[in-house]
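Next come the chains, spelled out residue by residue.
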Amino acid sequence: MKNYILLAFLFFSISTFAQIKGTITDEKGSPLAFVSVFEENTYSGTTSNELGQYQLNVKEPGKNKIVFQYMGYKTQKIAISSGSKAAVLDVKMAEESFALNEVIIDPKNNPATAIIKNAIANRKENSEKTARFTADFYSKGILKVKDLPKKILGQKIDLGADLSSNLDSTGTGILYLSETISKITFQKPDKLKETIIASKISGNNNGFSYNTAALSTYDFYDNTLEFDVNLISPIAGNALSYYTYKLEGSFYDDNKQQIYKIKVIPKRDKEPVFEGYIYIVDDSFAIYAVDFDIKGYRAKNEFTEVMNLKQTFSYNSQNKIWSKNAQTLSFNAGAFGIKFSGQFNYVYSNYEFPSSFAKKTFGNEIVAFDLNANKKDNSFWNEIRPIPLTLEESTDYIKKDSLQTIRKSQKYTDSVDAKNNKFKVWDILKGYDYKNTFKKYSFKYEGLLNLTSLSFNTVQGFNLDSGFSFKKWNEENGKSTSINTTFNYGFSDERLRIIGEFTHRFNTVNYATISASGGTKTAQFNGADPIKKIINSVSSLFFKDNYMKLYNLEFAQLNYTQDIANGININGKIAYEQRKSLFNTTDYSFFSKNDVYSSNNPLASENFTSSFDQHHLFKTNLTARINFVNKYISRPDGRYNFKNDKYPTIFLVLEKSFAASEKKYEFERIGASIQYDLSLGNKGILGMNFRAGKFFNAKNISFIDYRHFNGNQTHIGTTDRYLSVFNLMPYYSNSTNDRYLEIHLEHNDMGFLTNKIPLINLLKSTMNIGFHSLTLPDRNPYSEFTVGLDNLGFGKFKLFRVDYVHSYQSGIQQNGVIFGLKILNVLD
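All of the points below concern the structure found in this document.

Quick notes on the rules
- Residues numbered from 1 in each chain as written.
- Predicted model: local features only at pLDDT ≥ 70, side-chain atom pairs only at ≥ 80, totals over all residues.
- Heavy atoms only, no water.
- Pairing = 2+ DSSP bridges.
- Helix = DSSP H or I, 4+ residues; strand = E, 2+ residues; numbered from the N terminus.
- Salt bridge = Lys/Arg side-chain N within 4 Å of Asp/Glu carboxyl O.
- Buried < 20%, exposed > 50% of the residue type's maximum accessible area, 1.4 Å probe, protein only.
- Phe/Tyr/Trp six-rings, centres within 6.5 Å; stacked < 30°, edge-to-face > 60°.
- Lys NZ or Arg CZ within 6 Å of the ring centre and 35° of its normal.
- Axes fitted to C-alpha atoms, helices over the stretch in contact; angles between N-to-C directions.

1. Side note on the pairing of strand β28 (residues 480-490)
Where strand β27 (residues 461-473) lies against β28, 11 bridges are found, and the strand directions are antiparallel. If you follow Gly467 over to β28, its bridge partner there is Thr486. What sits between β27 and β28 in their antiparallel hairpin is a turn of 6 residues, with Gly478 showing a positive phi close to 80°. Of the strand pairs in this sheet, β28 and strand β29 (residues 495-505) are connected by 11 bridges, and their pairing is antiparallel. Residue pairing in the sheet places Thr481 in a bridge with His504 of β29. Two successive antiparallel strands, β28 and β29, enclose a turn made up of 4 residues, where Glu494 displays a positive phi of approximately 55°.

2. Focus: the pattern of salt bridges
Note on pairing: side chains with opposite charge can pair once their charged atoms come close. By the definition in use, this model includes 36 salt bridges. One salt bridge connects Glu392 with Lys144, and the closest N-O pair in it is separated by 2.8 Å. Note that Glu392 is positioned in helix α6 (residues 391-408) and Lys144 in strand β9 (residues 132-146), a separation of 248 residues in sequence. Under the relative-accessibility criterion, Lys144 is labelled partly exposed at 27%. With a shortest N-O distance of 3.1 Å, Asp493 and Arg497 are connected by a salt bridge. Classification of Arg497 by relative accessible area gives buried; the value is 2%.

3. Let's talk about the packing of aromatic side chains
Following the criterion strictly, the structure yields 52 aromatic pairs and no others. With 5.5 Å between their ring centres and 45° between their planes, Phe274 and Phe292 make a pair best called tilted. Here Phe274, found in the loop between β17 (258-266) and β18 (275-281), pairs with Phe292, found in strand β19 (residues 287-295); they are 18 residues apart in sequence, far enough to count as distant. By relative accessible area, Phe292 is classed as buried at 0%. Relative to Phe797, the ring of Phe303 has its centre 5.3 Å away and its plane inclined at 85°; by these criteria the two rings are edge-to-face. Taken together, the positions of Phe303 in the loop between β19 and β20 (304-316) and Phe797 in strand β43 (residues 797-809) put the pair 494 residues apart, joining distant regions of the chain. One aromatic cluster is present, formed by Tyr43, Phe133, Phe137, Phe186, Tyr346, Tyr348, Tyr351 and Phe353 through successive ring pairs. If you follow Arg268 out to its NZ or CZ, it ends over the ring of Tyr242, 5.7 Å from the centre.

4. Here we look at the sheet that holds strand β6 (residues 73-79)
Overall, antiparallel pairing links the 4 strands, which are arranged β3-β2-β5-β6 in an open sheet. Of all strands in the sheet, those with a lone pairing partner are β3 (45-47) and β6, marking the two edges. On average, each strand axis in the sheet is tilted by 15° relative to the strand beside it, whichever way the strands run. With 4 bridges joining them, strand β2 (residues 36-39) and strand β5 (residues 65-70) adopt antiparallel strand pairing. If you follow Phe38 over to β5, its bridge partner there is Val67.

By themselves, these figures tell us nothing about what the structure is for.
Now the structure itself:
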């Protein structure tokens, strides 16, 4: 009900506006983009678009002057007659005459440094003035691509029919265009409540934009600003350690306040820093405006060439507050010769600054959408949109919106599907996809030669997967159903294994999902699958190492998962399992042909007889995942959760086996883990993972059901972070059926140290320092200490890391080097 009242009030307010529009240029007639335009001593404002065009809704024409404010140009105030309901006001702005008295710049007495020190000293006071507010918020985002090829590295790029048709013959055009209108309530440092009244995506009248205020809160009064890393604010408490400053001049604004223009210069190129200009107001030392570039390599985002962040602030003489009225974030990025660009414009208006908020003002819901937020017509947008569309943007809306009805029609989708669904004889080998877009279902056949699944192990030799899958979905209610079958054939053991799975998701609110699966497969003794197929294949075929220990599993399993409360997810599973030993069936390798593979027994490499007796049992597993103070966005098409980084994630596990072929195989286990990333500001992130558990009545259980720990004997790391692996520990050397405590700590300095080390800083890498420990009741603790470099690679591709590892257990010390190949996460 409150949304309808808010919407009615919004329409009423629009009807009482007078709209002023025009074009802003410099004295030569060139358009000025992103000029702040607002009513004097109010928080009603907008900004000009890329062509210098603006439009401003004025509540009471004639009462206030219209202010035009732009960095580097003289501020203008122009009165509008009180009878105007619509007016065209074109403005020419003159460049500001910066005054700079002749001074000798003494490094020990730099006037710019003195101003910055005052800004730092007054930072808390200035920040507190805007610590609590409500405001109207508008955002517009546009993403473009240039020179997109048909293929990259031989692989066809498929953007879908809708996106591909937006590009011209050179692969250039708009990929995404979206706008939102919302009402926000904010309290520093991070409490936000946003109600989105209107949402618009070009070519998608059912879409809900992701442009929200939560993604635009860049506050230079904070010590750091969060991008891919935490960048140091030029007026942070420790800013003088990262920047030097140059006073380029000063001028007086329309309120007779002196404004200093200060150039911000990084002391070290590879640090997480800004460069550009900050404008500081004399006396109060508040921020007047910023214009900063952010180099991609400084933010540890190699694919981004440069980002530019502009902010302008307006002054209200009645409450003496400088508040942000406009912000623009633009970027250029690219790889493989493809160039991407993006621009996000934000306008804040109609501020109110209460002294406090009621206790229940803020909750875990940070963004909510009005039910009809994506149904507003063009007349609504034309009235309320504060930044006029450019011709390119208007054309994109008209083109995509007019094509949308056609593309959603059954006739169109069937014609597109008919073209893509044509069956060719060689699809029997390569695979085949069938899709019915209108009825929202698809079918896929993997093909007889699914070479991406090819792998090698000593039990099956070379083995290959094929299979079928079917999926049906509904975007509006979030339901989806999938059926999958996988056929795996081992050429050495000459055996076909088949598994099938059915999955149904009921909605995208609590994500209730049920699944059933069954069949037969080869399984690693460690159910976490610590050895990737590609790593094992290379180790075996090239070095004749046999690390992957397998057994035959025949199973039937039922699984159900659901969010039962905010931040709490429950996953329950019951399974019947029959286990049988497997043996080496091949001695093949590319090299070392005279060597012999170790056995498939995980505990005895020379024992080529059975590693365990055949048996069966039932197993139940109940897992709870708890994210404290979980935040979420509510949309009509679902709920989208965001983990609160201030709090750890806790996992609780209860496992029990019963109805086994022999009583000795039955047991109970409880377990828990705590995962947490502690942000250390610009000094990096300390990742923590603590795991503990205990078995009951498990003295003679199967080795399969032991608690296995992720070791590594290949010297190849395959994950982004090593928070669940011991990189020098043999795979099954410390498996247990008793209690255990596992500790993983890893600090990534995000360049805090490496940026300052000569030569090392040329790598643009980060440093990892880690400690890993395993404590068991029947043996001495196992410990590892690691130090290494991450974010290594060539050019834009930072896919590698290298770590030196020292381990210790029972007086035995080992040293080794681990080469991290993070790309294997994608390939395997």
